[in-house]
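Residues per chain are reported as follows:
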Amino acid sequence: MKTFYNVIEYLTGALFNIIFIVLAVIAISFVGTRAYAYGIDMFRKDLNVPFEEFTIEIPEGDVPGRADAMAIGRILEEAGLTKNAMIFYVESRLNGTHNKFRPGIYEFTTHMSNGDIMDIIQSARFAPASYTRITIREGLNLRQIGELCQSMGLFTVEEWLEACAEYDRMFFFLEPVRWRPNFLEGYLFPNTYHLPENPTPRDLIDMMLQEFQRVFDYEMEERAEELGLTIDQVIIKASIIEKEIRVPAERAICSAIIYNRLRQGRRLEMCSTVLYALDTPRDRLTFADLEVDSLYNTYRNPGLPVGPICSPGRAAIVAALHPADTNYIFMVLKDEQTGAHFFSNNYDEHLEAQRQYNQPFAPGRGGI
């Protein structure tokens with residue numbers, strides 16, 4: 001009997017050791033995979049590569065409906081989107097995505113990591129055999145996106161706006177703002193998309209929200225928390241920057257002006273927000289326009305407008321998260337052709353600039 005118990009004790013101990021070893025291997029593999037992917041991503045992000053966009057076709061592999069990971073790696077390496085095809089392949093094996101890639105036509109940029117690229121090749125942003133390419137530029141609002149779709153014969157503005165109002169898919173960044181009638185405003189990320197044959201408004205909405213979720217990454221969320229801002233507040237600021245600024249170098253300065261005016265308890269007095277409230281195109285605002293009764297009118301109401309006024313691009317979002325180190329609180333459009341502004345922190349200088357450049361109010365151009 002003693003021998004029997006010894007055998008049981010031995011087997012129990014052996015089983016425990018096996019389970020422990022298996023769990024340890026799984027844990028080490030998981031940590032190693034994450035560390036490897038993080039290291040590769042950081043390596044790519046350190047590269048001083050100019051921003052470029054690429055449209056690349058990923059062919060079907062031996063398995064119907066799936067693309068081969070190694071073949072994808074070679075295509076990306078030839079395009080300069082990954083440093084090494086084998087690294088891409090190994091990383092896809094480690095994170096378990098190697099057998100989930102879908103053939104199609106995709107939009108990539110030079111600033112994407114391998115992980116970003118893998119996410120896209122598995123996503124809904126692929127192009128089927130018959131597709132419609134649509135480019136949503138930065139700065140369009142919901143209605144303008146609908147008008148673009150209508151002009152392309154995809155669906156009507158009314159169908160688009162109805163689908164936006166009734167959209168019910170769960171995205172964490174939308175939940176706090178669903179009380180707004182136009183809660184998708186600002187979150188439909190501008191980019192080029194490939195729509196399936198006979199698309200519905202929801203097809204495009206899904207793609208644009210998925211792209212926003214990809215672009216507004218963890219680093220942006222952390223930065224927003226550092227600033228004490230919600231994602232919605234960041235997007236509201238970014239949308240104003242997008243509409244006010246045409247010169248890239250001025251985005252961070254405009255961002256600083258927004259922060260400085262809010263900090264000092266001043267109204268933002270951004271003409272672009274009034275123009276959004278009026279919802280009618282015009283070259284210049286009048287004093288009567290500034291009295292429009294709307295929560296988007298930053299001439300009448302303190303603080304930020306009630307919501308975003310357009311879909312900002314990544315550069316505007318980055319500017320909203322990283323304002324310039326300046327004490328400017330005024331800006332006046334000084335060049336109609338380039339969109340360049342005159343900035344100041346002195347009211348007398350500001351008034352003189354308005355007279356000099358004949359810009360008392362310039363909607364969408366920074367006529368504070």
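Residues numbered from 1 in each chain as written. Predicted model: local features only at pLDDT ≥ 70, side-chain atom pairs only at ≥ 80, totals over all residues. Heavy atoms only, no water.

Engineer: Is there a simple way to explain the overall build of the chain in this structure?
Structural biologist: Within the chain one finds 13 helices and six strands. Here the chain holds 368 residues, and 45% of them are scored as buried. Contacts in the chain between residues at least 24 apart in sequence constitute 65% of all its contacts with a sequence separation of at least 6. When the accessible surface of the chain is split by element, carbon and sulfur atoms take 54% of a total near 19200 Å². (Helix = DSSP H or I, 4+ residues; strand = E, 2+ residues; numbered from the N terminus. Buried < 20%, exposed > 50% of the residue type's maximum accessible area, 1.4 Å probe, protein only. Contact = heavy atoms within 4.5 Å. Areas by Shrake-Rupley, 256 points an atom, 1.4 Å probe, with all protein chains shown as cover.)

Engineer: It is not clear to me how the packing of helix H2 (residues 69–79) against helix H3 (residues 85–94) should be interpreted in this structure. Could you clarify?
Structural biologist: Helix packing geometry: the angle between the two helix axes and the distance between the axes. Put simply, H2 and H3 touch, their axes get as near as 8 Å, and they point 140° apart. Compared by their axis directions, H2 and H3 come out oblique. For the pair H2 and H3, the sense of crossing is right-handed. From H2, Ala69, Met70, Ile72, Gly73, Arg74, Leu76 and Glu77 reach across to H3, where they touch Ala85, Met86, Phe88, Tyr89 and Ser92. Of the residues contributing to the contact of H2 with H3, the split by class is eight nonpolar, two polar and two charged. (Axes fitted to C-alpha atoms, helices over the stretch in contact; angles between N-to-C directions. Parallel < 35°, antiparallel > 145°, perpendicular 65-115°, else oblique. Left-handed = near helix turned anticlockwise from the far one by under 90°. Nonpolar A, V, L, I, M, F, W, Y, C, P; charged D, E, K, R; others polar.)

Engineer: Even after reading the chapter, I still don't get unusual backbone geometry, so can you show me in this structure?
Structural biologist: Backbone geometry follows two general trends: most residues other than glycine have a negative phi, and most peptide bonds adopt the trans configuration. You will see that Asn198, though not glycine, has its phi angle at about 50°, which is positive. Relative to the assigned elements, Asn198 resides in the loop between strand E4 (192–196) and helix H7 (201–215).

Engineer: Can you help me understand helix H12 (residues 314–321) in this one?
Structural biologist: Residue pairs three or four apart in sequence face the same way in an α-helix, which turns once every 3.6 residues. Turning to H12, its buried residues number three or more, namely Ala316, Ile317, Ala319, Ala320 and Leu321. Those residues of H12 that are buried lie in contact with helix H8 (218–227), helix H9 (231–244) and helix H10 (251–263).

Engineer: Could you clarify how one ought to interpret the environment of Ala163 in this entry?
Structural biologist: Its place among the elements puts Ala163 in helix H6 (residues 157–166). Remark: the alpha-carbon pair of Ala163 and Ile205, spanning 42 residues in sequence, is separated by 8.5 Å. Ala163 has contacts with Pro201 and Ile205, leaving out every residue within four places of it along the chain.

Engineer: Honestly, the confidence of the model for the chain in this entry has me stumped. Any pointers?
Structural biologist: As a general rule, the predicted coordinates of low-pLDDT regions are not to be interpreted in detail. In the predicted model, the chain carries a mean pLDDT of 84, and the fraction of residues at 70 or more is 81%. Below a pLDDT of 50 lies the segment residues 33–38, which in the model reaches seven contacts outside its immediate sequence neighbourhood of four places, other chains included. (pLDDT = per-residue confidence, 0-100.)

Engineer: Explanation requested: the environment of Ile205 in the structure shown.
Structural biologist: Locating Ile205 in the fold gives a position in helix H7. For the pair Ile205 and Tyr187, spaced 18 residues apart in sequence, the C-alpha to C-alpha distance is 9.5 Å. Discounting residues that sit within four places of it in the chain, Ile205 has contacts with Trp160, Ala163, Cys164, Tyr167, Leu184 and Leu188.

Engineer: Explain the packing of H9 against helix H11 (residues 271–278) here, please?
Structural biologist: Their axes nearest at 9 Å, the elements H9 and H11 cross at an angle of 95°. Considering their axes alone, H9 and H11 lie roughly perpendicular with respect to each other. Contacts between H9 and H11 pair Ile240, Lys243 and Glu244 from the former with Cys271, Ser272 and Thr273 from the latter. Residues belonging to the contact of H9 with H11 are distributed by class as follows: two nonpolar, two polar and two charged.

Engineer: Can you help me understand a nonpolar patch on the surface in this one?
Structural biologist: On the surface, a nonpolar cluster with roughly 240 Å² of combined accessible area is contributed by Met86, Val90 and Leu94. Within the secondary structure, Val90 sits in helix H3. (Patch = residues over 30% accessible without salt bridge, like charges linked within 9 Å, V, L, I, M, F, W, Y side chains within 5 Å. Salt bridge = Lys/Arg side-chain N within 4 Å of Asp/Glu carboxyl O.)

Engineer: Is there a simple way to explain the pairing of strand E2 (residues 104–109) in this structure?
Structural biologist: Where a strand is regular, its side chains alternate between the two sheet faces. Counting buried positions along E2 yields six of six residues, so the element is predominantly enclosed. Taking every second residue as pointing to the same face, both faces of E2 are buried, with Gly104, Tyr106 and Phe108 on one and Ile105, Glu107 and Thr109 on the other.

Engineer: Help me understand the side chain of Ser294, please; the structure alone is not making it clear to me.
Structural biologist: Inspection of the secondary structure assignment puts Ser294 in the loop between H11 and H12. Looking at Ser294, its side chain comes within polar contact range of the main-chain nitrogen of Tyr296, at 3.0 Å. If we ignore the near neighbours within four places in the chain, the residues touching Ser294 are Ala277 and Asn301. (Polar contact = N/O pair within 3.5 Å; in protein donor to acceptor, adjacent residues only side chain to side chain.)

Engineer: Whenever I open this one, the pattern of salt bridges confuses me. Can you help?
Structural biologist: Pairs may arise between side chains of opposite charge once their charged atoms sit close together. Scanning all chains against the criterion turns up nine salt bridges. Between Arg178 and Glu175 there is a salt bridge, with the nearest N and O atoms lying 2.9 Å from each other. Residue Arg178 is classed as partly exposed on the basis of its relative accessible area of 25%. Judged by its relative accessible area of 33%, Glu175 falls in the partly exposed class. In this structure, Glu226 and Arg223 form a salt bridge, with 3.2 Å as the shortest nitrogen-oxygen distance.

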